[in-house]
Amino acid sequence: MEANISLTDVIRRLAPQINFGVATASYQIEGSSFGGCGRSHWDDFADEPGRVFEGHNGSIACEHYHHYETDLNLISEAGFDAYRFSFSWPRLLPETSSTLNPDGVDFYDRLIDAMLERDIKPFATLYHWDLPQRHAQKGGWQNRDTAKYFADYTDIIMRHFGDRLVSIAPVNEPWCVSFLSHYWGHHAPGLMDLSATAKSMHYIQLAHGLSINVMREHGHSNLGCVLNKEYFTPIDDSEVAQEKAHLFDGIYNRWFEDSLFKGQYPEEVLSVFGNEMPENYQDDMSVISSPLDWAGVNYYTRSVIAPDDKEPHFGFKCLRGDLPKTDMDWEIIPEGLSFFLRRLAKDYCPDLPIYITENGMANADYLVGEAIADTSRLSYFESHLRAVEEVIEDGVPVKGYFAWSLLDNYEWAFGYDKRFGIVHVDFDTQKRTPKQSYYAWQDGLRGR
Ligand code: FCB
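Notes on the structure in this doc start here. Here the structure is a predicted model, which means the values were calculated and not measured. (Residues numbered from 1 in each chain as written. Predicted model: local features only at pLDDT ≥ 70, side-chain atom pairs only at ≥ 80, totals over all residues. Heavy atoms only, no water.)

1. So, the packing of aromatic side chains
Counted under the stated rule, the structure contains 60 aromatic pairs. Residues Phe 232 and Phe 248 carry aromatic rings whose centres are separated by 6.4 Å and whose planes lie at 50° to one another, so their mutual orientation is tilted. In this pair, Phe 232 is assigned in strand β5 (residues 224-234) and Phe 248 in helix α11 (residues 239-262), connecting sequence segments 16 residues apart. When sorted by exposure, Phe 232 lands in the same class as Phe 248, which is buried. With a centroid separation of 5.4 Å and 70° between ring planes, the pair formed by Trp 294 and Tyr 355 is classed as edge-to-face. Of this pair, Trp 294 sits in strand β6 (residues 294-307) while Tyr 355 sits in strand β8 (residues 354-358), and the two are 61 residues apart along the sequence. Each member of the pair, Trp 294 together with Tyr 355, is buried. Lying across the ring of Phe 107, Arg 91 places its NZ or CZ 5.5 Å from the centre. The residue whose ring lies beneath Lys 262 is Tyr 348, and the NZ or CZ to ring-centre distance is 4.7 Å. (Phe/Tyr/Trp six-rings, centres within 6.5 Å; stacked < 30°, edge-to-face > 60°. Helix = DSSP H or I, 4+ residues; strand = E, 2+ residues; numbered from the N terminus. Buried < 20%, exposed > 50% of the residue type's maximum accessible area, 1.4 Å probe, protein only. Lys NZ or Arg CZ within 6 Å of the ring centre and 35° of its normal.)

2. Structural notes on the layout of surface pockets
Approximately 920 Å³ is the volume attributed to the largest pocket. Counting residues per element, the ones that place at least two in the lining of the largest pocket are α9 (174-182), β5, α11, β6 and β7 (316-319). Element by element, the count of residues in the lining of the largest pocket is highest for β6, at five residues. In terms of residue class, the lining of the largest pocket is made up of 23 nonpolar, ten polar and nine charged. Size it by volume and the second largest pocket reaches roughly 210 Å³. (1 Å grid on protein atoms, 1.4 Å probe; cavity = no way out; pocket = protein on both sides within 12 Å on 5 of 7 lines; lining within 4 Å. Points joined across faces, edges and corners; volume = space filled by probe spheres on them. Nonpolar A, V, L, I, M, F, W, Y, C, P; charged D, E, K, R; others polar.)

3. Observations regarding the packing of α11 against helix α14 (residues 334-348)
Pairs of packed helices are described in terms of their axes, by the angle between the two and the distance that separates them. Where α11 meets α14, the axes come as close as 11 Å, and the angle between the chain directions of the two elements is 35°. Along this stretch, α11 crosses α14, giving a crossing that reads as right-handed. The segment α11 lies against α14, with Asp 249, Asn 253, Arg 254, Glu 257, Asp 258, Phe 261 and Lys 262 engaging Phe 340, Arg 343, Leu 344, Asp 347 and Tyr 348. Within the contact of α11 with α14, the residues separate by chemical class into four nonpolar, one polar and seven charged. (Axes fitted to C-alpha atoms, helices over the stretch in contact; angles between N-to-C directions. Left-handed = near helix turned anticlockwise from the far one by under 90°. Contact = heavy atoms within 4.5 Å.)

So, in structure tokens, the structure goes:
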């Protein structure tokens, strides 16, 4: 099949300078009903009527638990250097915080060894949202103890797999874990509560810091963070719209990089949380800002921020503008990616390598015969890779880019309705069919 020349070209130009990979997450692909995996709060959330599109859950997903070799072959045949995957906490520790599931350990042993055999670098994430149900029932991320349990789980991972992992980040997208799930209620546990939000926003950062310290004690030296960034545009040039856009940036973006790299939280957000913040949270800031080896950015879109008197705490609402949109209704704006890459390098971590740990788009892909012409995805990758190229030329130390995602998979509250893969999955037969974007990557990476 003919691939898109300009995407292929930009991949070719960047390939000598950076690592290219694909990213996935355990709950979205593995199948939580296989291999003695325990229940996570996503299994419970999906069971609640109205939470997830048509009540879909991750019990089967892409059945990667059984098809992982096929999937790794797809990665290596495309020529990617690296694979960003996540460990499932409830798969490894289904019943208690200390009793390991031997099948879970065996699965990750085989998975990691199969990556190494294929010369694929394992980039691991320890938590991509599948919180064991037993921790969720005790308050989940609103409970300080969960951060402590996460540190213990980190220790277990390091003992079993640490020396085979090239790179590790504790938490995927702390904003989604906290604000999206405890204030907007879109993800498990589906709360809409300011106090729960303030607590989870702090404890997820604490969990990150404790986990980093455990991994340092094990001597690992390639540890980072994976932060999702959303660009923001005030709806007009009124002072109030500017101020609300600044608050949005504070809660969505700066909360995380300010705490990780400066050991503080943005004042304007703290003033909304008031005394909902955990007592003596300041004492944790030095752990939270433990030194890192790299910084990761997941980037997809922007919000247009409008003042909203009816919003009781933050006083803004997020709207869509009139840019072209993906199947998620997310606006396409690669300038946002450049903005965050430049800001990280300038204001937060000038000496650290930066990775784009996720970037990609959902598209309403369909098979015509055996082919899938996902041309919008080709343009999406191309425009964002051009943004990467431009900031590298200006000296921003970008060292890697991971496409989200290898496979169509369980897109959280959207179930299997949204397709982000460069490989199509038929969820009835588990047949994988590479899309045109896959072939463009393969062309760009050929001969590396
Ligand atoms: C990110 C998540 C990932 C996937 C993409 C589309 O926020 O990390 O699991 O859902 O969005």
